[in-house]
Amino acid sequence: MGVIAAEPFPFPFEARSLALIVIDMQRDFIERGGFGESLGNDVARLQRIVPTTRRLIEGFRAHGLPIIHTMECHRPDLSDCPPAKRDRGAPLARIGDAGPMGRILIAGEPGAAIVPELAPAPGEIVIEKPGKGAFYATPLQETLQRLGARALVFAGVTTEVCVQTTMREANDRGYDCLLAEDATESYFAEFKAATLAMIRAQGAIVGWTATTSHILEGLLNG
Ligand code: C5J
């Protein structure tokens, strides 16, 4: 049994049941000209976590632990994109519209790809998801059961949207969830801070948080 120094208390795990889930580190959220910027956000904030996320991924690779990458994207005909998701608000461009990185948030377009620094290695699992939560309308639950995963480390963007939604879905399904504080980011500093606080409040009501360094140290001793 291993343990990771975490908040609000140490995170226990069995190495053979640990997996990393990297949420939506896609060009559309992280680079200029994509979905994130079309909503009026400063994407530079998200770019800053790419090196830390890479360190975390490499640590899991070095230990031979499973890594799952998710991608928020839709079919070209938008049949999996509810109008409420596409039509709400007044973005500069909507899901499916043409942009500098191809059609926004559409599977197979350049913008929907994971940033090159974090590209999945051969054999790593990639899950395309139409929603904010990675369990909705995807094979994630079956995949985790097949891997024998019980404890999940999370990284990715954005902290309070797809990362938090997926952590809550996972928590409700009985997984122990740990968020890497410095390998997740939001377009809004205050939303990230609030999400970290609410996840670990009330005795880890949704899960734990820890730094990437502490997670990697824990893996060494697990
Ligand atoms: C958003 C995500 N923020 N991956 N998606 O719309 O968090």
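For the structure itself, look to the data block above.
Residues numbered from 1 in each chain as written. Predicted model: local features only at pLDDT ≥ 70, side-chain atom pairs only at ≥ 80, totals over all residues. Heavy atoms only, no water.

Draft legend 1. Spotlight on the overall build of the protein. Helices and strands together make up the secondary structure of the protein, namely nine helices and 10 strands. Relative to the compact-globule value of 17 Å for 222 residues, the protein shows a C-alpha radius of gyration of 17 Å, a close match. A principal-axis box enclosing the C-alpha atoms of the protein has dimensions of 50 × 35 × 30 Å. Looking at the protein residue by residue over its 222 residues, the buried ones come to 52%. (Helix = DSSP H or I, 4+ residues; strand = E, 2+ residues; numbered from the N terminus. Rg over C-alpha atoms; globule rule 2.2 N^0.38 Å. Buried < 20%, exposed > 50% of the residue type's maximum accessible area, 1.4 Å probe, protein only.)

Draft legend 2. Representation of the packing of helix α4 (residues 50-62) against helix α9 (residues 212-221) within the structure. For the pair α4 and α9, the least separation of the axes is 10 Å and the interaxial angle reads 5°. As the angle between them shows, α4 and α9 are arranged roughly parallel. Contact with α4, carried on its side by Thr52, Arg55, Leu56, Gly59 and Phe60, involves Thr212, Ser213, Ile215, Leu216 and Leu219 of α9 and no other residues of that element. Grouping the amino acids of the contact of α4 with α9 by side-chain chemistry returns five nonpolar, four polar and one charged. (Axes fitted to C-alpha atoms, helices over the stretch in contact; angles between N-to-C directions. Parallel < 35°, antiparallel > 145°, perpendicular 65-115°, else oblique. Contact = heavy atoms within 4.5 Å. Nonpolar A, V, L, I, M, F, W, Y, C, P; charged D, E, K, R; others polar.)

Draft legend 3. View of the pattern of salt bridges. Applying the stated rule across the entire model yields 12 salt bridges. Salt-bridge contacts for glutamate 31 lead to arginine 27; the nearest nitrogen and oxygen are separated by 2.8 Å. Arginine 27 sits in the partly exposed class, given a relative accessible area of 24%. Between glutamate 185 and arginine 45 there is a salt bridge, with its nearest N and O atoms 2.8 Å apart. (Salt bridge = Lys/Arg side-chain N within 4 Å of Asp/Glu carboxyl O.)

Draft legend 4. Focus on the state of the cysteines. As enumerated under the stated definition, the model contains zero disulfides in all. No disulfide involves cysteine 177; its nearest neighbouring cysteine sulfur is the one of cysteine 162, lying 15 Å away. (Disulfide = S-S within 2.5 Å.)

Draft legend 5. Representation of the packing of helix α7 (residues 159-172) against helix α8 (residues 189-204) within the structure. One way to put it is that α7 packs onto α8 with a least axis distance of 10 Å and a crossing angle of 15°. Accordingly, the angle class assigned to the pair α7 and α8 is roughly parallel. α7 and α8 meet at a crossing whose hand is right-handed. Along the contact surface, α7 presents Thr159, Glu160, Gln164, Met167 and Arg168, while α8 presents Phe191, Lys192, Thr195, Met198 and Ile199. Of the residues belonging to the contact of α7 with α8, the class tally is four nonpolar, three polar and three charged. (Left-handed = near helix turned anticlockwise from the far one by under 90°.)

Draft legend 6. Structural context of the nonpolar core. Counting residues in hydrophobic clusters, the biggest one holds 47 residues, and the most contacted among them are Phe11, Leu18, Leu56, Phe60, Leu178 and Ile215. Leaving out residues up to four positions away in the same chain, leucine 18 has contacts with Phe11, Phe13, Phe60, Leu65, Pro66, Ala151, Val153 and Leu219. Counting 23 residues, the second-largest nonpolar core is a separate cluster that includes Ile68, Ala149, Phe154 and Leu179. (Core = buried A, V, L, I, M, F, W, Y, C linked by side-chain atoms within 4.5 Å.)

Draft legend 7. Main features of the site of the ligand. If you check the shell around the ligand, you find Asp24, Phe29, Phe35, Glu72, Lys132, Val157, Thr158, Val161 and Cys162 and nothing else. Lysine 132 places a side-chain nitrogen or oxygen 2.7 Å from an oxygen atom of the ligand. Burial of the ligand by the protein chains amounts to 93% of its free accessible area of 230 Å². The class makeup of the residues in the shell around the ligand is five nonpolar, one polar and three charged. (Near = heavy atom within 4 Å. Polar contact = N/O pair within 3.5 Å; in protein donor to acceptor, adjacent residues only side chain to side chain. Areas by Shrake-Rupley, 256 points an atom, 1.4 Å probe, with all protein chains shown as cover.)

Draft legend 8. Spatial organisation of the sheet that holds strand β7 (residues 125-129). If you walk across this open sheet you meet the six strands as β7-β4-β3-β8-β9-β10, and the pairing is parallel. In this open sheet, the two strands that pair with only one neighbour each are β7 and β10 (208-210). Strand after strand, the sheet turns through a mean of 25° between neighbouring axes, direction not considered. Pairing geometry for strand β3 (residues 18-23) and strand β4 (residues 67-72), over four bridges, is parallel. Among the inter-strand pairings, valine 22 is bridged to a residue of β4, identified as histidine 69. (Pairing = 2+ DSSP bridges.)

Draft legend 9. Region of interest: the packing of aromatic side chains. The full count for this structure, using the stated rule, is five aromatic pairs. Measuring from centroid to centroid gives 4.9 Å for phenylalanine 11 and tryptophan 208, while their planes differ by 80°, and the two rings are edge-to-face. Residue phenylalanine 11 is located in strand β2 (residues 11-13), and its partner tryptophan 208 is located in strand β10; the two are separated by 197 residues in the primary sequence. Pair check on accessibility: phenylalanine 11 and tryptophan 208 agree, each one buried. Here phenylalanine 135 and tyrosine 175 contribute two aromatic rings whose centre-to-centre distance is 6.3 Å and whose plane-to-plane angle is 35°, an arrangement assigned as tilted. One end of the pair, phenylalanine 135, is in the loop between β7 and α6 (140-147); the other, tyrosine 175, is in the loop between α7 and β9 (176-185), with 40 residues separating them in the sequence. Members of the aromatic cluster, each reached through a chain of ring pairs, are Phe9, Phe11 and Trp208. (Phe/Tyr/Trp six-rings, centres within 6.5 Å; stacked < 30°, edge-to-face > 60°.)

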